[in-house]
Amino acid sequence: MYWMGISLALVIWVRPTLIKRKKVAIPDATEAKTVTEILPGETGKVIYEGCFWRARCADRVSKIEPNEKVYVLHRDGNTLIVTSENRGNKL
């Protein structure tokens, strides 16, 4: 009984360290379209790959208008960091 208990505990403790988890990465400069206005320092909504996502502008000074094409730079949790198409050409 002791051997079974210790074996089970070790399997539960060691197994997660052996499993490799895939990191989800967003390819550089993929396109999305804004649904709502994204104000400076606040979040808005975008359509990215057919789904609605929360989004924040990478430039925390300017705003992005609705129905504007944007580029997704990276993801921060469940929020996409985007830049406007007009500003994306300057990067």
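Structure report, in brief. (Residues numbered from 1 in each chain as written. Predicted model: local features only at pLDDT ≥ 70, side-chain atom pairs only at ≥ 80, totals over all residues. Heavy atoms only, no water.)

Overview of the packing of aromatic side chains
Next up, step 1: For the structure shown, the criterion picks out one aromatic pair.
Next up, step 2: With a centroid separation of 6.2 Å and 75° between ring planes, the pair formed by Tyr48 and Trp53 is classed as edge-to-face.
Next up, step 3: Since its relative accessible area comes to 5%, Tyr48 is described here as buried. (Phe/Tyr/Trp six-rings, centres within 6.5 Å; stacked < 30°, edge-to-face > 60°. Buried < 20%, exposed > 50% of the residue type's maximum accessible area, 1.4 Å probe, protein only.)

A look at the sheet that holds strand β4 (residues 69-76)
Next up, step 1: Ordered by their spatial adjacency, five strands build a closed barrel running β1-β2-β3-β5-β4, and the pairing between neighbours is mixed. Pairwise comparison of adjacent strand axes, ignoring direction, gives a mean angle of 55° for this sheet.
Next up, step 2: Where strand β3 (residues 51-57) lies against strand β5 (residues 79-84), four bridges are found, and the strand directions are parallel. If you follow Arg54 over to β5, its bridge partner there is Thr79. (Pairing = 2+ DSSP bridges. Helix = DSSP H or I, 4+ residues; strand = E, 2+ residues; numbered from the N terminus. Axes fitted to C-alpha atoms, helices over the stretch in contact; angles between N-to-C directions.)

A look at the environment of Asn86
Next up, step 1: Following the sequence through the fold, Asn86 ends up in helix α2 (residues 85-88).
Next up, step 2: Using a relative accessible area of 56% as the deciding quantity, one classes Asn86 as exposed.
Next up, step 3: Each C-alpha atom, one on Asn86 and one on Val70, is 8.4 Å from the other, the two residues being 16 residues apart in sequence.

Notes on unusual backbone geometry
Next up, step 1: Backbone geometry at Glu49 places phi at a positive 55°, although glycine is not the residue there.
Next up, step 2: Here Glu49 is to be found in the loop between β2 (43-48) and β3.
Next up, step 3: The class of Glu49 is exposed, set by a relative accessible area of 67%.
Next up, step 4: One non-glycine residue, Asn67, adopts positive backbone phi at about 55°.

Overview of the pairing of β3
Successive side chains on a regular strand alternate, one facing one side of the sheet and the next facing the other.
Next up, step 1: One ladder, built from six bridges, connects β2 with β3; its direction is antiparallel. Along β3, the bridge assignment pairs Tyr48 with Cys51.
Next up, step 2: Linkage of β2 to β3, two consecutive antiparallel strands, is achieved through a turn of two residues, within which Glu49 is found at a positive phi near 55°.

With respect to the pattern of salt bridges
Next up, step 1: Within the structure shown, the criterion is met by four salt bridges.
Next up, step 2: With a shortest N-O distance of 3.4 Å, Asp76 and Arg56 are connected by a salt bridge. Of this pair, Asp76 sits in strand β4 while Arg56 sits in strand β3; the two residues are 20 residues apart in sequence, bridging distant segments of the chain.
Next up, step 3: Looking at Asp76, the relative accessible area reads 42%, which means it is partly exposed.
Next up, step 4: Accessibility expressed as a relative area gives 16% for Arg56, which makes it buried.
Next up, step 5: For Lys63, the salt bridge identified is with Glu65, shortest N-O distance 3.4 Å. (Salt bridge = Lys/Arg side-chain N within 4 Å of Asp/Glu carboxyl O.)

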